[in-house]
Amino acid sequence: MKVTVIGTGYVGLVTAVGLAKIGHTVIGYDVDPRKAALLQRGEVPIYEPGLAELMQECRQEGRLLFTDEAELAYREPELVFIAVGTPPKADGSADLTYIEQVCRDIGRYMDHDAVVVTKSTVPVGTNDHIQGLLQAYARGGTAFTVVSNPEFLREGTGVHDFFNGDRIVIGTSCDRAAGLLEELYAPLGLPLFHTDIRSAEMIKYASNAFLAAKISFINEISNICEKVDADIESVAFGMGLDRRIGPQFLKAGIGYGGSCFPKDTKALVQIAGHVQHDFQLLKAVIEVNNKQQASLVKKAKEVLELKGKRAALLGLAFKPNTDDMREAPSLAIAEQLLEAGADVIAYDPEAAENARRVLPEQVQYASSLQEALQGADVAFIVTEWAEIVELPLSQYAELMREPLVFDGRNCYSLEEAGRHDLYYCSIGRRTVA
Ligand code: NAD
C-alpha cells in the first residue's frame, strides 16, 4: 500500500520504517527541513535502538523515502498517518495546532480520496473535529475517512514495540477504512481491536493514566516503606506475584517523565473537566509525581548543605535508551540543585545534546561517568542507563570527594552498598551509612 506518514518524530519515524519493513511503500514527511535532510542522508535524528539499521535496509529496498515537500508527500497515498506532536498548552489541554495544519495541507494538496489515520494522541472528539476540518478543506469531490489508531510504543523500545505490540486499536465506524487498516497491519500478525472512534481516543488516555497511576501508587508505598522500615523492592516483588496486579510499572523511583505521561494525564484531567467531571484520582497521581521528583534533593538537604558543593547528576534522559528530555525528572532535579547553590556536573550517554537546549546554562557537562564523579561531594542517580547500573559502587568511593550517593532508581542492592565506604540513600529502602 502507498502510505505517507506526517511527522517523523519518535512515533512517525518508527511507524514509517516499520510499515516499510512489512512491505508498504512509505513516504515520511516533516515540515522541519533539517530533519528531512538528515533522513534523506540516511541519518536518524533521534536515538532509538535498532532504528538506523532498519531504516537503512528499507531505503535500500526502495520502499522508504523522506521529504519536506508537501506536494510529493500528499500526491499519491491511499493512507495518510498523522504523527505530529500534540504538546500541552499552559492549562494542560492538548495543543492541536499541528494537527490542524496537517488538515489544511491535506485539503490543499490532495486531489484523491484517502483514509486519514490519527496516530497522534488527541483528546476525545478530536477525530470528529479532524473529519469536519477535512470536509471543509477538501477540494470538490474529494472524500476523506478518519480513523483513530492510537500509538502505544515506548521510546527506547519503539522498534520492538512496533513489531510486538500487545494490540492495535482501530477506531472507526467505516467498514471499508477498517478493512484497509486490517490489510495494512496483517503482516504483523498482532491482535487487532476494532471500536468506535471516541472509545479508541479514550483507550489511549485511559491506558497512560492507568500506568501513571501505578507508578504514583508504588512511589507512595515507597514513601511509607521508608517510614515503617519496610523494603519497597520486596514489597513490589511480592505484590507483582499476584497476577491481578502484575510486576510491571511497580518500580519505585523519582517519578515518571517523558513526552507522554505528564502531558496525557494533564490532558485527561482537562477532558474530564470539560464534561464537569472532577477526576480526583488522576489529579492525585500528578500531584504525587511532582512531589516525588522533589524527594531526592529533599533527602540530600537533610544530610548536607548543598551550597557550593559539586553535585554529579547521572543520567538526564527521562528514561534509559532514549535521548528524549521532554519533562525528564532531571530537569526538576537540576533546578532544585542550582536553587540550593550547588554546582551541577551532568552526564548522559545520549541526551546531553538535547539537555543543553533545555537545562539551565549553569549546568556543566562531563563526557563520562568518571569525569562527573571526580571530586564530587554528592551524586544523584537519575536515569538507569545500563552503564550507570553497571558502574561498580567502588568507583563512587574512589572518585568522589565525599561519597554521598542518592540513587533515584534503586540501581544497587543494599548488600552491595554495605560493602563500600559510602553513604547510600535510595527510594523506599533503608539508608546505608
Ligand atoms: P515529535 O515531536 O518527536 O515529532 C513530531 C514531528 O512532527 C516533528 O518532527 C515535527 O517537525 C513534525 N511536524 C509538526 N507539524 C507538522 C506538519 N504540519 N507537517 C509535517 N510534520 C509536522 O513527537 P512524538 O513524540 O513522535 O509524538 C507524536 C504524537 O504521538 C504525539 O501526539 C504523542 O503524544 C504521541 N505519542 C508519542 C509517543 C512517544 O513515546 N513519543 C508514544 C505514543 C504516542
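What you see is a predicted model; the values in this text were computed from it and never measured.

**Digging into the overall build of the protein chain**
And step 1. Regarding its fold elements, the protein chain presents 18 helices and 14 strands.
And step 2. Its C-alpha atoms give the protein chain a radius of gyration of 23 Å, within 12% of the compact-globule value 22 Å for 433 residues.
And step 3. Principal axes of the C-alpha set define a box for the protein chain whose edges measure 75 × 45 × 40 Å.
And step 4. Relative to its full complement of 433 residues, the protein chain shows a buried share of 49%.
And step 5. At a minimum sequence separation of 6, the contacts of the protein chain that also span at least 24 residues come to 71%.

**A few points about the site of the ligand**
And step 1. The local shell around the ligand holds 27 residues, among which Gly7, Gly9, Val11, Ser120 and Thr121 are the closest.
And step 2. For the shell around the ligand, the per-class residue count stands at eleven nonpolar, ten polar and six charged.

**Looking at the domain arrangement of the protein chain**
And step 1. For the protein chain, the assigned domains are domain 1 (2-195) and domain 2 (210-425).
And step 2. Between domain 1 and domain 2, the C-alpha centre-to-centre distance is 33 Å.
And step 3. Facing the 15 residues of domain 1 at the interface are 15 residues of domain 2.
And step 4. Of the residues contributing to the side of domain 1 that touches domain 2, the split by class is nine nonpolar, four polar and two charged.

**Notes on helix 11 (residues 261-274)**
And step 1. A rise of 1.5 Å per residue sets the reference length of helix 11, with its 14 residues, at 20 Å; its end C-alpha atoms lie 20 Å apart and thus fit the reference within 8%.
And step 2. Buried within helix 11 are the following residues: Phe261, Pro262, Lys263, Asp264, Thr265, Ala267, Leu268, Val269 and Ile271.

**Some remarks on unusual backbone geometry**
And step 1. The backbone of Phe249 sits at a positive phi, close to 60°, despite the residue not being glycine.
And step 2. Tracing the sequence through the fold places Phe249 in the loop between helix 10 (232-240) and helix 11.
And step 3. Since 17 C-beta atoms lie within 10 Å of it, Phe249 is described here as partly exposed.
And step 4. The backbone phi angle of Asn321 is positive, close to 65°, even though this residue is not glycine.
And step 5. Along the chain, Asn321 falls in the loop between strand 9 (310-314) and helix 13 (329-339).

**Considerations on the nonpolar core**
Side chains that are nonpolar tend, in soluble globular proteins, to be buried together.
And step 1. Val116, Leu313, Leu314, Ala379 and Phe380 are the most contacted members of the largest nonpolar core, which has 131 residues in total.
And step 2. With ten residues, the top contributor of residues to this core is helix 9 (residues 197-228).
And step 3. Contact partners of Leu314, with chain neighbours within four places excluded, come to Tyr347, Leu369, Ala372, Ala379, Phe380, Ile381, Val382 and Ile388.

**A few points about the UniProt feature "binding site: substrate" (unreviewed entry) in the protein chain**
And step 1. In the numbering adopted here, UniProt assigns the feature "binding site: substrate" (unreviewed entry) to Phe152, Leu153, Arg154, Glu155, Lys204, Phe249, Leu250, Lys251, Ala252, Gly253, Gly257 and Lys319. Across 168 residues, the annotated set is spatially dispersed, with a maximum C-alpha separation of 23.8 Å.
And step 2. Within the element layout of this structure, Phe152 appears in the loop between strand 6 (144-148) and helix 7 (158-164).
And step 3. The class of Phe152 is partly exposed, set by 18 C-beta atoms lying within 10 Å.

**Details of the packing of helix 9 against helix 11**
And step 1. At a closest axis distance of 9 Å, the pairing of helix 9 and helix 11 adopts a crossing angle of 115°. Classified by chirality, the crossing of helix 11 by helix 9 is left-handed. Residues Tyr205, Asn208, Ala209, Leu211 and Ala212 of helix 9 touch helix 11, and the partners they reach there are Phe261, Asp264, Thr265, Ala267, Leu268 and Ile271.
And step 2. A class-by-class count of the residues in the contact of helix 9 with helix 11 yields eight nonpolar, two polar and one charged.

**A look at the UniProt feature "binding site: NAD(+)" (unreviewed entry) in the protein chain**
And step 1. The feature "binding site: NAD(+)" (unreviewed entry), as given by UniProt, occupies Asp30, Lys35, Thr86, Thr121, Glu155, Lys263 and Arg326 in the numbering adopted here. Across 297 residues in sequence, these annotated residues place their C-alpha atoms as far as 23.7 Å from one another, rather than forming a single compact spot.
And step 2. Within the secondary structure, Lys35 sits in helix 2 (residues 33-40).
And step 3. For Lys35, a count of 22 C-beta atoms within 10 Å translates into the label buried.
And step 4. When residues no more than four places from it in sequence are discounted, the contact partners of Lys35 are Thr8, Asp30 and Pro45.
And step 5. Look past the residues within four positions of Thr86 in its chain and what remains in contact with it is Ala94, Asp95, Leu96, Ile99, Ser120, Thr121 and Val122.

**Digging into the pairing of strand 7 (residues 168-171)**
Note on strand geometry: in a regular strand, side chains alternate between the two faces of the sheet.
And step 1. Sheet topology places strand 7 next to strand 8 (residues 192-195); four bridges connect them, and they run parallel. The residue bridging Val169 from the neighbouring strand is Phe193, located in strand 8.
And step 2. Note on the crossover from strand 7 through helix 8 (residues 175-185) to strand 8: the handedness is right-handed.

**Observations regarding the packing of helix 9 against helix 12 (residues 280-303)**
And step 1. It is at 9 Å that the axes of helix 9 and helix 12 come closest, and there the two elements cross at 55°. When the interaxial angle is binned, helix 9 and helix 12 end up oblique. Regarding helix 9 and helix 12, the two cross each other, and that crossing is left-handed. Contacts between helix 9 and helix 12 involve Ala209, Ala212, Ala213, Ser216, Asn219 and Glu220 from the first element and Leu281, Leu282, Val285, Val288, Asn289 and Gln292 from the second.
And step 2. Of the residues belonging to the contact of helix 9 with helix 12, the class tally is seven nonpolar, four polar and one charged.

**Some details on the sheet that holds strand 10 (residues 343-347)**
And step 1. The six strands lie next to each other as 11-10-9-12-13-14, forming an open sheet whose pairing is parallel. Sheet topology places strand 11 (364-365) and strand 14 (423-425) at the edges, where each strand pairs with a single neighbour.
And step 2. Looking at chain direction, strand 9 and strand 12 (residues 378-381) are connected through four bridges and run parallel. The residue bridging Ala312 from the neighbouring strand is Ala379, located in strand 12.

Rules used throughout
- Each chain has its residues counted from 1, running along the sequence as written.
- Totals for whole chains, interfaces and linings use all residues, but because this is a predicted model, local features are given only for residues with pLDDT of at least 70 and pairs of side-chain atoms are given and counted only at 80 or more.
- A helix here means a DSSP run of H or I that spans at least four residues, while a strand means a run of E at least two residues long, and both kinds are numbered starting from the N terminus.
- For this measure, only C-alpha atoms enter the radius of gyration; the expected value for a globule follows 2.2 Å times N^0.38, where N is the number of residues.
- Neighbour counting defines burial: a residue surrounded by 20 or more other C-beta atoms within 10 Å of its own C-beta is buried, one with 12 or fewer is exposed, and intermediate counts give partly exposed, using backbone-placed C-beta atoms.
- Each residue is represented by a C-beta atom placed from its backbone, and any two residues with such atoms within 7 Å are regarded as in contact.
- We call a residue near a molecule or strand when its C-beta atom, built from the backbone, sits within 6 Å of it.
- Residues are grouped as follows: nonpolar covers Ala, Val, Leu, Ile, Met, Phe, Trp, Tyr, Cys and Pro; charged covers Asp, Glu, Lys and Arg; every other residue, Gly included, is treated as polar.
- In this document the domain limits rely on a domain assignment from an automatic tool or a database.
- How far a helix is expected to stretch is found by multiplying one less than its residue total by 1.5 Å.
- What we call a nonpolar core is a set of buried Ala, Val, Leu, Ile, Met, Phe, Trp, Tyr and Cys residues whose membership is set by joining through C-beta atoms within 7 Å.
- UniProt positions are given in the numbering used here, feature names are shortened, and annotations may be inferred rather than shown by experiment.
- Only the stretch in contact is used when a helix axis is fitted, and all axes are lines through C-alpha atoms; the angle between N-to-C directions ranges over 0 to 180 degrees.
- Each crossing gets its hand from how the near helix is turned against the far one by less than a right angle, where anticlockwise is left-handed and clockwise is right-handed.
- The pairing criterion is simple: DSSP has to find at least two bridges between the two strands.
- For a crossover, the right-handed case is the one in which the path from the first strand over the helix to the second runs clockwise, viewed with the strands pointing away from the viewer.
- The labels follow the angle: roughly parallel below 35 degrees, roughly antiparallel above 145, roughly perpendicular from 65 to 115, and oblique for the rest.

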